[in-house]
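# A structural walkthrough
For reference, the chains in residue letters:
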Amino acid sequence: MADLKISAQIRNEFGKGASRRLRRENKAPGVIYGHGADTVHVTLPAHDLMMALKTANALITLDIEGRTELVIPKAVQRNAIRGHIEHVDLLAVKRGEKVTVEVAVHTEGELAPGANLLENVLNTLTVEAEATHIPESVTVSVAGLTAGDSIAAKDVPLPSGTTLVTDADAVVIQILAAQAEEPAADAAEGAATTEA
């Protein structure tokens, strides 16, 4: 995982007007919480933050006016139209500390020949991992699976040091048989019968 560093400033102005002013200056408001400490309100450079958040569960080192704080993003509010960051909640973490996060589930391999459909029942798994070794995603093989097969959370291989939090028996991937469409000829016969 890349070591991401962002400079931040303590924020003393609050409310919609102050937040709008920050966004006009290409900055994003945020809060840091965790470890029973008081919530710290900060201002972050919007572009740097946006680039950092492209990595799932990014571990970010914040330089807050000379003091460093290790954080991971917990909630990001984006503008529905423009997509820019409206606000970010950051969780303070320590090296060696375990954190609970969501990781994306990716599939690899080809299903068995035939009319099989892959359904992602769960797109993410909740796992516990050391704060500096959070996996970006997990990958599971669907090679050779056929209709009726499924993969449970406990069957998804996890990196060393990562523990599954999601219910072990929860279905993550299932393979369905493709449904054949009704032939159009039946509809035409029904129409001919009513005309007679």
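Preceding block: the structure.
Report on the accompanying structure. (Residues numbered from 1 in each chain as written. Predicted model: local features only at pLDDT ≥ 70, side-chain atom pairs only at ≥ 80, totals over all residues. Heavy atoms only, no water.)

## Looking at the nonpolar core
- Ile-72, Val-93 and Leu-125 are the most contacted members of the largest nonpolar core, which has 23 residues in total.
- Taken together, the elements giving at least two residues each to this core come down to β5 (67-78), β7 (98-108), β9 (124-130), β10 (137-141) and β13 (171-177).
- Element by element, the count of residues in this core is highest for β7, at 4 residues.
- Ala-8, Leu-53, Ile-64 and Ile-85 belong to the second-largest nonpolar core, a separate cluster that totals 18 residues. (Core = buried A, V, L, I, M, F, W, Y, C linked by side-chain atoms within 4.5 Å. Buried < 20%, exposed > 50% of the residue type's maximum accessible area, 1.4 Å probe, protein only. Helix = DSSP H or I, 4+ residues; strand = E, 2+ residues; numbered from the N terminus.)

## Things to note about the sheet that holds strand β4 (residues 60-64)
- Pairing within the closed barrel is mixed, and its 6 strands lie in the order β1-β3-β2-β6-β5-β4. Each strand of the sheet is rotated relative to its neighbour by a mean of 45°, with strand direction disregarded. (Pairing = 2+ DSSP bridges. Axes fitted to C-alpha atoms, helices over the stretch in contact; angles between N-to-C directions.)

## A few points about the sheet that holds β13
- The strand order across the open sheet formed by 3 strands is β8-β13-β11, and the pairing between neighbours is antiparallel. Two strands close off the open sheet at either side, each with one partner strand: β8 (116-120) and β11 (150-152). Within the sheet, the average angular offset between the axes of one strand and its neighbour, ignoring direction, is 15°.

## Considering the pairing of β5
- Here β4 pairs with β5 via 5 bridges, running antiparallel. Paired with Ile-64 across the bridge in β5 is Arg-67.
- Here β4 hands over to β5 after 2 residues, with Glu-65 in that stretch at a positive phi of 50°.
- Where β5 folds back on strand β6 (residues 85-92), the antiparallel hairpin that results is connected by 6 residues, among which Gly-83 adopts a positive phi of roughly 85°.

## Side note on the side chain of Glu-69
- Mapped onto the fold, Glu-69 is located in strand β5.
- Not counting residues up to four positions away in its chain, the partners in contact with Glu-69 are Ile-32, Ile-60, Thr-61, Leu-62, Ile-64 and Ala-92. (Contact = heavy atoms within 4.5 Å.)

## Describing the pairing of β13
- Note that β8 and β13 share 5 bridges and pair antiparallel. Note that in β13 the partner of Asn-120 across the bridge is Ile-173.
- Bridge count between β11 and β13: 3 bridges; the pairing is antiparallel. Counterpart to Ala-152 in the pairing with β13 is Val-171.

## Quick word on the environment of Pro-157
- Residue position: Pro-157 is located in the loop between β11 and β12 (163-164).
- Between the C-alpha atoms of Pro-157 and Thr-139, which are 18 residues apart in sequence, the distance is 7.3 Å.
- Excluding residues that lie within four positions of it along the chain, Pro-157 makes contacts with Val-138, Thr-139 and Val-140.

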